[in-house]
Amino acid sequence: MNTRTILHILIISSFFLTFNSFAQESFKHFRISPILSHTYIPLATNQGDQTVIVPSLGLDIEYWFNEEWGIGFHNDLELEIFELEKEHTISVSKEYPVVLTFDMLWKFYEEWILVLGSGIEYEKNENLFIIRTGIEYEVEFAKDWDVAPTIFYDFRPNHTATWSVGIGIGKRF
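Residues numbered from 1 in each chain as written. Predicted model: local features only at pLDDT ≥ 70, side-chain atom pairs only at ≥ 80, totals over all residues. Heavy atoms only, no water.

Chemist: Lay out the overall build of the protein in plain terms, naming residues and giving numbers.
Modeler: Helices and strands together make up the secondary structure of the protein, namely 1 helix and 11 strands. Starting at the N terminus and walking to the C terminus, you meet the elements of the protein as α-β-β-β-β-β-β-β-β-β-β-β. Out of the 173 residues belonging to the protein, those deemed buried represent 35%. Sequence-distant contacts in the protein: of pairs separated by 6 or more residues, those separated by 24 or more amount to 49%. Carbon and sulfur atoms make up 66% of the accessible area of the protein, which totals about 10,600 Å². (Helix = DSSP H or I, 4+ residues; strand = E, 2+ residues; numbered from the N terminus. Buried < 20%, exposed > 50% of the residue type's maximum accessible area, 1.4 Å probe, protein only. Contact = heavy atoms within 4.5 Å. Areas by Shrake-Rupley, 256 points an atom, 1.4 Å probe, with all protein chains shown as cover.)

In structure tokens:
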């Protein structure tokens, strides 16, 4: 055998071994999850402290690099038109705001996931920058399917911060 033949055998063997190891991998990198949640908006008004509770629909699209680290594109649509008081005098109308965030995901203990990222709230009257923190707990109920309760805190500099509590059904691909 000459050197060229040995080199070809090594290349083909390494390709076969690499392909075979990918074929046997059971880890699913992509996860998609529709979310049903409620967003809690604390307000200080002329009538005292109040909280507006707005139903929201969301869609999370995630890519997991490994079992511990991932990135996510998390989206929420608040399903109501509502008014907020800003600085106790100015009334701000919100019409179906859409929140889009790009988040880092860290599975820090068993099925607990810490979420940290930023994004924007798009709304007809005003777009706002958001810093998001949150926590999820994924409970697998079938192969590659999970249910995940979530809690998110969205901070908007110089504006109202909100809490969201929800639940999602996830599928891994």
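Chemist: Report on the packing of aromatic side chains, specifying residues and quantitative values.
Modeler: Enumeration over the complete set of coordinates arrives at 6 aromatic pairs. Judged by centre distance (4.9 Å) and plane angle (65°), the ring pair of F30 and Y63 falls under edge-to-face. Here F30, found in strand β1 (residues 30–45), pairs with Y63, found in strand β2 (residues 48–64); they are 33 residues apart in sequence, far enough to count as distant. Given a relative accessible area of 28%, Y63 falls into the partly exposed group. (Phe/Tyr/Trp six-rings, centres within 6.5 Å; stacked < 30°, edge-to-face > 60°.)

Chemist: Residue-level account of the pattern of salt bridges, with values.
Modeler: Side-chain pairing between opposite charges can occur once the charged atoms of the two side chains come close. Under the defined criterion, the tally for this structure stands at 10 salt bridges. R132 is the salt-bridge partner of D76, the closest N and O atoms lying 2.8 Å from each other. One end of the pair, D76, is in strand β3 (residues 69–78); the other, R132, is in strand β8 (residues 128–137), with 56 residues separating them in the sequence. With a relative accessible area of 11%, D76 lands in the buried category. Under the relative-accessibility criterion, R132 is labelled buried at 1%. Here R172 and E138 are joined by a salt bridge, their closest N and O atoms 3.0 Å apart. Here E138 lies in the loop between β8 and β9 (139–142) and R172 lies in strand β11 (residues 162–172), a separation of 34 residues in the sequence. (Salt bridge = Lys/Arg side-chain N within 4 Å of Asp/Glu carboxyl O.)

Chemist: Hey, could you go over the side chain of R156 for me, with residue numbers and the actual values?
Modeler: Structurally, R156 is set in the loop between β10 (145–155) and β11. Among the residues examined, R156 registers a relative accessible area of 2% and is labelled buried. Here E121 takes part through its side chain, which lies 3.0 Å from a polar atom of the side chain of R156. In terms of polar contacts, R156 uses its side chain to reach the side chain of T162, at 3.0 Å. (Polar contact = N/O pair within 3.5 Å; in protein donor to acceptor, adjacent residues only side chain to side chain.)

Chemist: An account of unusual backbone geometry is needed here, citing residue identities and associated values.
Modeler: Although it is not a glycine, Y96 sits at a positive phi angle of roughly 45°. Exposure remark for Y96: the relative accessible area of 44% places this residue in the partly exposed category. Phi at D144 is positive, roughly 70°, even though this residue is not glycine. Relative to the elements of secondary structure, D144 occurs in the loop between β9 and β10. Its relative accessible area of 16% is what places D144 among the buried residues.

Chemist: How would you summarise the environment of H74 if you had to cite specific residues and measurements?
Modeler: Along the chain, the position of H74 falls in strand β3. Between the C-alpha atom of H74 and that of S118, which follows or precedes it by 44 residues, the distance is 10.0 Å. A polar contact is formed between the side chain of H74 and the side chain of D103, at a distance of 2.9 Å.

Chemist: Could you give me a rundown of the pairing of strand β7 (residues 112–122), with the residues and numbers involved?
Modeler: Every second residue of β7 is oriented toward a common face, the buried set being I113, V115, G117, G119 and E121 and the non-buried set W112, L114, L116, S118, I120 and Y122. Of the pairings in the sheet, the one linking strand β6 (residues 98–109) to β7 comprises 11 bridges and is antiparallel in character. When the sheet's bridge partners are listed, V99 is paired in β7 with E121. When β7 meets β8, the two strands line up antiparallel, connected through 10 bridges. Among the inter-strand pairings, E121 is bridged to a residue of β8, identified as L128. (Pairing = 2+ DSSP bridges.)

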